[in-house]
Structures are given as structure tokens and as C-alpha cells.
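This is what each chain is made of:
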Amino acid sequence: QVQLVESGGGFVQAGGSLRLSCAASGSIFRVNSMGWYHQAPGKQRELVARLTSGGTPNYEDSVQGRFTISRDNTKNTVYLQMNSLKPEDTAVYYCNAVIELLKPYRMSTYWGQGTQVTVSS
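A short tour of the structure in this document, coming up. The structure presented is a predicted model; accordingly, all values stated were derived computationally and were not measured.

How each quantity is defined
- Residues numbered from 1 in each chain as written.
- Predicted model: local features only at pLDDT ≥ 70, side-chain atom pairs only at ≥ 80, totals over all residues.
- Heavy atoms only, no water.
- Pairing = 2+ DSSP bridges.
- Helix = DSSP H or I, 4+ residues; strand = E, 2+ residues; numbered from the N terminus.
- Axes fitted to C-alpha atoms, helices over the stretch in contact; angles between N-to-C directions.
- Polar contact = N/O pair within 3.5 Å; in protein donor to acceptor, adjacent residues only side chain to side chain.
- Contact = heavy atoms within 4.5 Å.
- Buried < 20%, exposed > 50% of the residue type's maximum accessible area, 1.4 Å probe, protein only.
- Disulfide = S-S within 2.5 Å.
- Core = buried A, V, L, I, M, F, W, Y, C linked by side-chain atoms within 4.5 Å.
- Phe/Tyr/Trp six-rings, centres within 6.5 Å; stacked < 30°, edge-to-face > 60°.

### Remarks on the sheet that holds strand 7 (residues 67–72)
If you walk across this open sheet you meet the four strands as 1-3-8-7, and the pairing is antiparallel. Taken across any chain shown, the strands that pair with only one partner, and hence form the sheet edges, are strand 1 (2–7) and strand 7. Ignoring strand direction, the axes of neighbouring strands in this sheet form an average angle of 15°. One ladder, built from six bridges, connects strand 3 (residues 18–26) with strand 8 (residues 77–82); its direction is antiparallel. Residue pairing in the sheet places Leu20 in a bridge with Leu80 of strand 8.

### Focus: the side chain of Thr115
Relative to the helices and strands, Thr115 resides in strand 11 (residues 115–120). At 3.3 Å, the side chain of Thr115 forms a polar contact with the backbone nitrogen of Gly9. Setting aside chain neighbours within four positions, we find Thr115 in contact with Glu6, Gly9, Leu20, Ala91, Val92 and Tyr93.

### Some thoughts on the environment of Ser33
Of note, Ser33 is situated in strand 4 (residues 30–39). A residue is classified by how much of its surface remains accessible, and Ser33, at 12% relative accessible area, is buried. A C-alpha to C-alpha distance of 5.5 Å links Ser33 and Val98, two positions 65 residues apart in sequence. Non-local contacts of Ser33, meaning those with residues more than four positions away in its chain, are made with Arg50, Leu51, Thr52, Ser53, Arg71, Asn96, Ala97 and Val98. Polar contacts involving the side chain of Ser33 include one to the side chain of Arg50, which spans 2.7 Å.

### Focus: the state of the cysteines
Scanning the entire structure with this criterion turns up one disulfide. A sulfur-sulfur separation of 2.1 Å characterises the disulfide bridge that pairs Cys22 with Cys95. As the torsion about the S-S bond is roughly -80°, the Cys22-Cys95 disulfide counts as left-handed. Placement of Cys22 in strand 3 and of Cys95 in strand 9 (residues 91–101) is noted, with a sequence separation of 73 residues between them. Looking at Cys22, the relative accessible area reads 0%, which means it is buried. Judged by its relative accessible area of 0%, Cys95 falls in the buried class.

### Considerations on the nonpolar core
Judged by nonpolar contacts, the single largest core of 30 residues is most densely connected at Trp36, Leu80, Met82, Tyr93 and Ile99. Put simply, the parts of the chain that give this core at least two residues each are strand 1, strand 3, strand 4, strand 5 (46–51), strand 7, strand 8, strand 9 and strand 11. No other element matches the six residues that strand 9 contributes to this core. What Leu80 contacts, discounting residues up to four positions off in sequence, is Leu18, Arg19, Leu20, Trp36, Val48, Ala49, Phe67, Thr68, Ile69 and Tyr93.

### Some words on the packing of aromatic side chains
The tally for this structure, following the rule as stated, stands at one aromatic pair. With a centroid separation of 5.0 Å and an interplanar angle of 65°, the aromatic rings of Tyr37 and Trp111 are classed as edge-to-face. On the criterion of sequence distance, the pair formed by Tyr37 in strand 4 and Trp111 in strand 10 (residues 106–111) is long-range, its members being 74 residues apart. The buried category is assigned to Tyr37, whose relative accessible area is 18%. With a relative accessible area of 37%, Trp111 lands in the partly exposed category.

Structure representation (C-alpha cells):
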């Protein structure tokens, strides 16, 4: 009923930039928080950045000042602008959203399919 579709990953050299997008679609009543996680090979999935329902951003320490999260509520879309990329940013990036649905009312967490970001040195 709800899908998160990501785009914008790819291959970039160190110091470069990429912009990820994630659009939520389906029988959505309201989208609460939206964010991005990443998972490197052999490691756990970790929070990169998140926007609360009130619009307050939270960033993982290593991306503070380099990444910017934003959202377009009219399109139920969240973006992650990634600048000054480093090889250690290489990972699969997953979109995450907490969404309210009706009939019956419920609040659930959804994940995108993941998009690969590779940064070469």
C-alpha cells in the first residue's frame, strides 16, 4: 500500500556531490519523520540524517556540515544533498519514513529498497 522509491545514488570521486531523493506514495494520511540510513558491507545500518515531523534535522556526527536533509511535504519526498563526499561514505543508502494510514488508523515504519553510493579515493 505504501512505497518508498529512492533515486540519485551512483559513483563519484572523493570531494564530489550527490543528491538522493525518496518519494513516498500510496494510501498515505500523513508522513511524520523521514530520514536516511546507510549500511556499509559487514556493518550495521546506521542513521545518517533525519527530519522530525516538526522539521528539526538530526545528523550523524561524521556528516554534519557536509550533508543536508530536506523535504517537500507537498510531494511526500525527502532529499539528501551530500557534498564533500569521502570514501568512507560508501554504502547502500536507505530511505526511512514513519507514515500514518487510515482505515484502520495505524502508524508504520517503511523502508526504501536502497541505493548504492560509491566514493572513490
